[in-house]
Amino acid sequence: MSYCLHSESHLDTGPIYVRENGKLHVVNQGAGGIQHVTSKTRPFRLFSRGFSVELCMNREDDRARRQRTDHFIFTYTKEGNLRYSAKSLFSLVLGYISDNVDHIDSLIGFPEQIAEKLFSAAEARQKFTEPVTGLRALQKFTEAYGNLVLCSLCLRNRYLVISEKLEEIKSFRELTCLDLSCCKLGDEHELLEHLTKEALSSVKQLLLKDNSLSDAGLRRMTAPVRVLKKGLENLLVLDLSCNPKITDVGIGYLLSFKKLNCLDISGTGLKDVNAVIKRLQMQIGLVHSEVPLKEFDHSNCKTEGWAEQTVLQWEQAAMEAIKPQDNLRSRTAALRFYGKTHRIEEVVKCKLVEAETKASGNLQFYKEKVPNCHLPLKKEVVGSHELKNNKKRALAEQERERTSKQKHLCLTVEDWDLLNTY
């Protein structure tokens, strides 16, 4: 058997193998003959020696490839072997929505049980701490679920959180308890103006201790109640202690809170304390307490709701933002030790002003006829004579309300200026 190969090109096509009579032969193109294979021939390589193949899937989205392990739950058996099981479809969908919670259009009508799990999943991913998307996501929950997100908020001595997350705090609705003690807000703060909105008309306990308030701040805060019968009309407990700029004039604005059961005005700048005590007792039925009341020990108001951990995350972020200042404090402390700088410190603490407290003493008030209000430790039995006096007071209040309707029609220029701001 003969083979004739005519190559018209000089390209090397490699060796050609021919099987004949059960034996393998190789055709030598250069000589044009057939050689018998007696030894191991060199195998033909389709690719070069340094060629390698890499299987790439979703190479552009490396983040999604790293998060692919979230689809499994890794556990260890008793023998110490690693075991994994796939997550449920519900948890996978919940995680995807929580990652994109800021793109939700609305949650109104969505089941509360599922919404709570969605909020917890987004909270674990710290979605509500982001500057822009966190506010937009939080508003979706507060619009749909109100006090379930947060029913009570305690920001006592947390002025850094208020300054950093003011818009997020203003998004909470239907709060029943709000503690803003020791925050030094002042009369012109935006949060005090927000207290008069309809979103916080459900507040029953408001603590504004040591906030540098004056008569002008009380006039602005009570204007909707005095004129429009809106705003903080459901207020039951009010703490205005440690505000020395509040005088007898400012106490007169508080008489519009007809439902008020407990009031603390200790440490204020009252001039005629006895006249204020009689005025509060005659007009809104508040009796001066000789024993400190439990409502003002700041133990009842705590942060409660779905967003409890979110508020803690805000506080941690605010504390981490001021950590670099610790080095400066240590440096200034060393300079003080060597006498190179004067020691000037302003420690912000919640404490009573000694001059005002000695002049006014403990000025806490409660309403006797309210059974739900915690009375002092000494309980007095109300006799028949006191019940008659209470009836007379109620009749007198009705007559005063009738006569006050005409007074409300005649508004001052300052009241009209306040109404134009709302």
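Residues numbered from 1 in each chain as written. Predicted model: local features only at pLDDT ≥ 70, side-chain atom pairs only at ≥ 80, totals over all residues. Heavy atoms only, no water.

**Here's the deal with the sheet that holds strand S7 (residues 177–179)**
Either a parallel or an antiparallel arrangement is found when strands of a sheet pair, and the pairing is made through backbone hydrogen bonds. The strand order S6-S7-S8-S9-S10-S12-S11 describes an open sheet built from seven strands, whose pairing is mixed. The two strands at the open ends of the sheet, each matched to only one other strand, are strand S6 (152–154) and strand S11 (286–289). Neighbour-to-neighbour, the strand axes of the sheet open up by a mean angle of 10°, direction not taken into account. (Pairing = 2+ DSSP bridges. Helix = DSSP H or I, 4+ residues; strand = E, 2+ residues; numbered from the N terminus. Axes fitted to C-alpha atoms, helices over the stretch in contact; angles between N-to-C directions.)

**Here's the deal with the nonpolar core**
With 66 residues, the main nonpolar core has Phe141, Leu206 and Leu280 as its most contacted residues. Those residues in contact with Phe141 that sit more than four places away from it in its chain are Val101, Leu107, Ala115, Leu118, Phe119, Phe128, Gly146, Val149 and Trp306. Among the nonpolar cores identified, the runner-up in size contains six residues, and Val237, Cys262, Leu293 and Tyr366 belong to it. (Core = buried A, V, L, I, M, F, W, Y, C linked by side-chain atoms within 4.5 Å. Buried < 20%, exposed > 50% of the residue type's maximum accessible area, 1.4 Å probe, protein only. Contact = heavy atoms within 4.5 Å.)

**Some remarks on the pattern of salt bridges**
A complete count under the given rule lists eight salt bridges for this structure. The partner of Glu130 in a salt bridge is Lys127, with the nearest N and O atoms 3.9 Å apart. With relative accessibility at 28%, the residue Glu130 sits in the partly exposed group. Residues Lys170 and Glu167 are paired through a salt bridge, measuring 4.0 Å at the closest nitrogen-oxygen approach. Separated by three residues within a single helix, Lys170 and Glu167 lie in helix H6 (residues 166–170), roughly one turn from each other. By relative accessible area, which is 40% here, Glu167 ends up partly exposed. (Salt bridge = Lys/Arg side-chain N within 4 Å of Asp/Glu carboxyl O.)

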